[in-house]
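Observations on chain architecture
Listed here are the chains, written in short residue letters.
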Amino acid sequence: MTPTIGVTTSARSGWRIFPLVAFNVWLAGGRAVRWVAGEPSEVDGVDGIIIGGGDDISPDLYEGSLIASSRLDPARDEMEEALVCAAMEQGKPVLGICRGSQMINVALGGRLDQDAYHTYAKSEHYRTILPRKTVEIVPGTRLAAHAGTVPMKVNALHSQAVSTLGRGLRVAARDGGGMIQAIERTEEPFALGVQWHPEHLFYAHRQRAIFRALVAAARARRAADPQLAEVDRRAPHPA
C-alpha cells in the first residue's frame, strides 16, 4: 500500500511549500498530509514524517544564544521536537529539510551554530533555490548509498547549521568550507537531514532519490508491522 507521510510546514508559508513537497513524495510512491502547529499531528497515523523548512529554531531548545536576525516559531518548535522523538520511539523514518535537519539534531540532543557563515568563512554563501552550492557526500553513509558520492550541486537558504551532533547521528555531507550539510542516524530507524531544499530540485534524479529513500523506509516499516501488513494484504488491489 502507499505509505502516508506527515509533512510539517510553517503556518505562514506552508500553503505554497507543501504542494511541492507532496509532489516529491508522490513521485517517490507515497502520499503526503500537511501538519501545522496547533492542529492534529499524530505519528501513530502515518508511516513516516518530513520535518520541513522554515523559520529558525529557538536557541532555548539547545541552550544557545539568540541573534538579532533570528525569526522564531515556538509553537512549531514544540510540535516538531515532539514528532521527531515520537518517530524515533515508534521506529518510523524521518527526513529533515533545512530547518528540519537542524530539528532532528536538536531533538536528539545536538546543538546549532547560530551564525554558521561567520564560523565557516570559507563556505560558499549562496541564498538561492538554484543549485549553485557544492557539497561533498561522505562515502559509506546512507546518503551516499542513495545519491552517490560525486560532489552534488544544491541550493541554500539557511544561516544556521548543525554544530554538535545529536545522539546516534553522523555527518553525511559537508560543503567546501567544512560546514555540515547533511546528517543521518547510524542505526534504525531511518533519519536523514539535508541542509538544502531537494523539493525544489525534483528534476534532478539524485534529489528525488532522497524522497525515495524515505518512502522506501516507510514502506518497509509498514510491512514489518504485523497488523498493518495484514490490513494491506486484505485491501482490494486494482484489477
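Notes on the structure in this doc start here. These figures come from a predicted structure and were not determined experimentally.

1. Overview of the overall build of the protein chain
- From N to C terminus, the protein chain includes seven helices and eleven strands.
- Against the compact-globule benchmark of 18 Å for 239 residues, the protein chain has a radius of gyration of 17 Å, which places it among compact chains.
- When its C-alpha atoms are laid out on the principal axes, the protein chain stretches across 55 × 40 × 35 Å.
- Sequence-distant contacts, at least 24 apart, represent 68% of the contacts inside the protein chain between residues at least 6 apart.
- Carbon and sulfur atoms provide 54% of the accessible area of the protein chain, an area that totals close to 11000 Å².
- Treating the 27 positive side-chain charges of the protein chain as one cloud and the 26 negative ones as another, the clouds have centres 7 Å apart.

2. Structural notes on the packing of aromatic side chains
- For the structure on display, the rule yields three aromatic pairs.
- Look at Phe 23 and Trp 26: their rings are 6.1 Å apart centre to centre, the planes differ by 25°, and that puts the pair in the stacked class. One end of the pair, Phe 23, and the other, Trp 26, are both in helix α1 (residues 14–27), three residues apart, so they sit about a helical turn from each other.
- Take Trp 26: its relative accessible area is 58%, and that puts it in the exposed class.
- Ring geometry for Phe 23 versus Phe 202: centroids 5.4 Å apart, planes at 85°, classification edge-to-face. Remark: Phe 202 occurs in the loop between β11 (191–194) and α6 (205–224) and Phe 23 occurs in helix α1; sequence separation between them is 179 residues.
- By relative accessible area, which is 34% here, Phe 23 ends up partly exposed.
- Since its relative accessible area comes to 31%, Phe 202 is described here as partly exposed.
- Taken together through their ring pairs, the aromatic side chains of Phe 23, Trp 26, Phe 202 and Tyr 203 make up a single cluster.

3. Examining the sheet that holds strand β7 (residues 152–156)
- Pairing within the open sheet is mixed, and its nine strands lie in the order β2-β1-β3-β4-β11-β10-β9-β6-β7. Either end of the sheet is taken by a strand with one partner, and the two such strands are β2 (31–35) and β7. Direction aside, the axes of adjacent strands within the sheet are offset by 25° on average.
- Its contacts with the sheet put helix α3 (residues 99–107) on β3 (48–51), β4 (94–97), β9 (169–175), β10 (180–185) and β11, and the angle it makes with β4 is roughly 125°.

4. Concerning the pattern of salt bridges
- Tallied over the entire structure, the rule returns nine salt bridges.
- For Asp 225, the salt bridge is made with Arg 221, and the minimal N-O distance between the two is 3.8 Å.
- For Arg 221, a relative accessible area of 22% translates into the label partly exposed.
- Each member of the salt-bridge network shares a partner with another, and the members are Arg 76, Asp 77, Glu 80 and Arg 99.

About the cut-offs
- Residues numbered from 1 in each chain as written.
- Predicted model: local features only at pLDDT ≥ 70, side-chain atom pairs only at ≥ 80, totals over all residues.
- Heavy atoms only, no water.
- Helix = DSSP H or I, 4+ residues; strand = E, 2+ residues; numbered from the N terminus.
- Rg over C-alpha atoms; globule rule 2.2 N^0.38 Å.
- Contact = heavy atoms within 4.5 Å.
- Areas by Shrake-Rupley, 256 points an atom, 1.4 Å probe, with all protein chains shown as cover.
- Lys, Arg positive; Asp, Glu negative; His and termini not counted.
- Charge placed at Lys NZ, Arg CZ, Asp CG, Glu CD.
- Phe/Tyr/Trp six-rings, centres within 6.5 Å; stacked < 30°, edge-to-face > 60°.
- Buried < 20%, exposed > 50% of the residue type's maximum accessible area, 1.4 Å probe, protein only.
- Pairing = 2+ DSSP bridges.
- Axes fitted to C-alpha atoms, helices over the stretch in contact; angles between N-to-C directions.
- Salt bridge = Lys/Arg side-chain N within 4 Å of Asp/Glu carboxyl O.

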